[in-house]
Amino acid sequence: MRILVKKVLSYVGLSDLVSKCYLALQSFRERFQYLVLYPLVLNVPLLSNIYFMFSKSFSYEAKLFLSSRRDYLMKKHNRSENLFLLRRNIHRLEKGILMKSRKKVFALDYIQETVDLFCNLVQGGHENEQMNWAYDILKQYFEVTDSCPQIEIAQVRFFALNFEGRKVSVYQPFPMGNVGDEDLKSSFKQLVTKRKSVRYFSLGKIPPRELMDEAVEMAGMAPSSCNRQPFEFRIVDHSELAQKVLALAGGTTGFANSISAVVAVVGQMNVSPTVSDRHLMYIDGSLAAMNFMLALESMNISSCPLNWPEDKRKDTQVAKLLSLQKYERPIMLIAYGYAEEQSMLACSVRKPIDQLRQYN
Ligand SMILES: Cc1cc2nc3c(=O)[nH]c(=O)nc-3n(C[C@H](O)[C@H](O)[C@H](O)COP(=O)(O)O)c2cc1C
């Protein structure tokens, strides 16, 4: 439609005039916003509520939050299939155990919930490292805490499960080792300097899945709030599907066709119990995405992060393509592959140190 209008305007010789009017209007609108509208809205709190009541973007975010919270609460109260909550609670117990001035009794408000969750997950067939970790930390918790009715009830259910024999590894808080290492520093510097956003890839030469899995495992080593890891890497290495996903990303103009594979870093808002935590999936997902890109780089696989701005229509389309849940949305896309040998890289000069940091 846009293209058609442009063609008609150019045909009747009005495109210059219309484009000047459009720019003037835009400039007027922006000046009005920062000189009149925003100061007014900022100074009268009620006005900002009214202003955002009609914002499509915020109502979209609100809906995303409500679906996420609904899912979170449902899983919390069913005490099943909620690995996020298990990881969070075990993480809190672990912090309690390693505390220098450890309390004799702690975690009373969530120990039963944690044990129920653990037992239900095990009975539901979950057996993996997370469960081994959860078991060991719970066992240690019962060893280091004093007896009290809440702890005793939880303890009875926990030990009735008889999980001990099923696990191999042993987990417990461990002492900090030697962290200084010049070689490590120099290798890391080399790695972060070598990584650049590559936009042209050798088509048809897709990195093997074993390497991608390794990269995802390294991505998973990134820190995340309460170890909840509210994200998933959706790897699209089928080039037809990759093209459909890439067609939705705005920032690929001119090079989308030179990409055969893409990853959607998908955030999962349903792990966040409160409104104030609703941004965690973006933060945690981005930290993991950085690990992921560096991991790829360390294996000579190039990548380019691609913006996923908020756009309800595109979110709906990508959700269909990737079968996303209501509480999931892409945080960013990452194109990946083997760099085309002749491709050029942007210098992208960085801010100098005095613009990057301030002490105190
Ligand atoms: C969240 C995010 C979104 C990005 N989106 C795009 C994009 O849509 N298109 C693109 O060509 N590059 C995109 N980039 C890449 C940046 O342009 C690039 O990282 C930056 O210019 C620094 O260059 P370098 O990565 O080569 O060091 C994005 C980067 C990030 C972190």
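What comes next concerns the included structure. (Residues numbered from 1 in each chain as written. Predicted model: local features only at pLDDT ≥ 70, side-chain atom pairs only at ≥ 80, totals over all residues. Heavy atoms only, no water.)

Some thoughts on a nonpolar patch on the surface
Okay, so step 1: The grouping of F28, F32, Y34, L35, V36, Y38, L42, Y51, F52 and F58 at the surface amounts to a nonpolar patch, some 1,100 Å² of accessible area in total.
Okay, so step 2: Of all the secondary-structure elements, those providing two or more residues to the nonpolar patch are α2 (15-43) and α3 (45-53).
Okay, so step 3: Along the chain, the position of Y51 falls in helix α3. (Patch = residues over 30% accessible without salt bridge, like charges linked within 9 Å, V, L, I, M, F, W, Y side chains within 5 Å. Areas by Shrake-Rupley, 256 points an atom, 1.4 Å probe, with all protein chains shown as cover. Salt bridge = Lys/Arg side-chain N within 4 Å of Asp/Glu carboxyl O. Helix = DSSP H or I, 4+ residues; strand = E, 2+ residues; numbered from the N terminus.)

Section: the nonpolar core
Okay, so step 1: One finds L93, F118, L138, Y141 and F142 to be the most contacted residues of the largest nonpolar core, which totals 30 residues.
Okay, so step 2: Among the elements that line this core, the one with the most residues is helix α7 (residues 129-144), at eight residues. (Core = buried A, V, L, I, M, F, W, Y, C linked by side-chain atoms within 4.5 Å. Buried < 20%, exposed > 50% of the residue type's maximum accessible area, 1.4 Å probe, protein only.)

A closer look at the packing of α7 against helix α8 (residues 149-160)
Okay, so step 1: Look at α7 against α8: their axes get within 11 Å of each other, and the N-to-C directions meet at 140 degrees. In terms of axis orientation, α7 runs oblique to α8. Our pair here, α7 against α8, has a crossing hand that is left-handed. Residue-level inspection shows Y135, L138, K139, Y141 and F142 of α7 in contact with α8, the latter providing I151, A154, Q155, F158 and F159.
Okay, so step 2: Counted by class, the contact of α7 with α8 contains eight nonpolar, one polar and one charged residues. (Axes fitted to C-alpha atoms, helices over the stretch in contact; angles between N-to-C directions. Parallel < 35°, antiparallel > 145°, perpendicular 65-115°, else oblique. Left-handed = near helix turned anticlockwise from the far one by under 90°. Contact = heavy atoms within 4.5 Å. Nonpolar A, V, L, I, M, F, W, Y, C, P; charged D, E, K, R; others polar.)

Here we look at a negative patch on the surface
Okay, so step 1: Taken together, the side chains of E210, D213, E214 and E217 define an acidic patch exposed on the protein surface.
Okay, so step 2: With respect to the helices and strands, the residue E210 is situated in helix α10 (residues 209-219). (Lys, Arg positive; Asp, Glu negative; His and termini not counted. Charge placed at Lys NZ, Arg CZ, Asp CG, Glu CD.)

Observations regarding the packing of aromatic side chains
Okay, so step 1: Per the stated rule, a full pass over the model turns up 14 aromatic pairs.
Okay, so step 2: In this structure an aromatic cluster arises from ring pairing among F106, F118, Y135, Y141, F142, F158, F159 and F163.
Okay, so step 3: The ring of Y338 has K205 sitting right over it, with the charged end atom 4.9 Å from the ring centre. (Phe/Tyr/Trp six-rings, centres within 6.5 Å; stacked < 30°, edge-to-face > 60°. Lys NZ or Arg CZ within 6 Å of the ring centre and 35° of its normal.)

A look at the site of the ligand
Okay, so step 1: Taken together, R195, K196, S197, R199, G251, F255, C304, P305, L306, N307, S348 and R350 are the residues near the ligand.
Okay, so step 2: In the model, an oxygen atom of the ligand is placed 2.6 Å from a nitrogen or oxygen of the S197 side chain.
Okay, so step 3: For the ligand, an oxygen atom lies 2.9 Å from a polar atom in the side chain of R350.
Okay, so step 4: Residue classes in the shell around the ligand are distributed as four nonpolar, four polar and four charged. (Near = heavy atom within 4 Å. Polar contact = N/O pair within 3.5 Å; in protein donor to acceptor, adjacent residues only side chain to side chain.)

Structural notes on the state of the cysteines
Okay, so step 1: In the structure shown here, the tally under the stated rule is zero disulfides.
Okay, so step 2: Considering cysteine sulfurs only, C148 is the nearest to C119, which forms no disulfide, with 18 Å between them. (Disulfide = S-S within 2.5 Å.)

Thoughts on the packing of helix α9 (residues 182-194) against helix α12 (residues 280-298)
Okay, so step 1: At a minimum axis separation of 10 Å, α9 and α12 run at an interaxial angle of 100 degrees. The orientation of α9 relative to α12 falls into the category roughly perpendicular. Contact residues: F188, L191, V192 and K194 in α9; L294, E297 and S298 in α12.
Okay, so step 2: Among the residues forming the contact of α9 with α12, the class breakdown is four nonpolar, one polar and two charged.

Observations concerning the pairing of strand β4 (residues 328-337)
Okay, so step 1: Burial analysis of β4 places ten of its ten residues in the buried class, which makes it a mostly covered element.
Okay, so step 2: As defined by bridge partners, strand β2 (residues 261-268) adjoins β4 across eight bridges and the pair is classed as antiparallel. Directly across from Q268, in β4, lies its bridge partner E328. (Pairing = 2+ DSSP bridges.)

Thoughts on the pattern of salt bridges
Okay, so step 1: Counted under the stated rule, the structure contains eleven salt bridges.
Okay, so step 2: As a salt-bridge pair, E113 and K76 come within 2.9 Å of each other at their nearest N and O atoms. Of the two residues, E113 is situated in helix α6 (residues 111-123) and K76 in helix α4 (residues 56-78); the sequence distance between them amounts to 37 residues.
Okay, so step 3: A salt bridge links K185 to E182, with the nearest nitrogen and oxygen atoms 4.0 Å apart. A residue pair is termed a helical-turn pair when its members lie 3 or 4 positions apart in one helix, as K185 and E182 do in helix α9 at three residues. For the pair K185 and E182, a shared accessibility class is recorded, and that class is exposed.

Let's talk about the side chain of S302
Okay, so step 1: Assignment of secondary structure puts S302 in strand β3 (residues 302-307).
Okay, so step 2: Sequence-distant contacts of S302, that is, excluding residues within four places in its chain, are made with V198, F201, E297, A335, Y336, G337 and A339.

Brief notes about the environment of G251
Okay, so step 1: The residue G251 is located in the loop between α11 (239-248) and β2 in this model.
Okay, so step 2: Here the alpha-carbon distance between G251 and N307, two residues 56 residues apart in the chain, equals 6.4 Å.

Examining helix α1 (residues 2-11)
Okay, so step 1: Within α1, only zero of the ten residues are buried, which leaves the element largely exposed.
Okay, so step 2: One or two steps after α1, the chain reaches G13, where phi turns positive at roughly 75 degrees.

Section: the sheet that holds β4
In a beta sheet, neighbouring strands are held together by backbone hydrogen bonds and run either parallel or antiparallel to one another.
Okay, so step 1: With respect to topology, four strands assemble into an open sheet ordered β1-β2-β4-β3, the strand pairing being antiparallel. On the outer flanks of this sheet lie β1 (231-236) and β3, each paired with one strand and no other. Direction aside, neighbouring strands of the sheet carry axes that sit 25 degrees apart on average.
Okay, so step 2: Along the sheet, α11 makes contact with β1, β2, β3 and β4, crossing β2 at roughly 60 degrees.

This is a description of form; function is not addressed.
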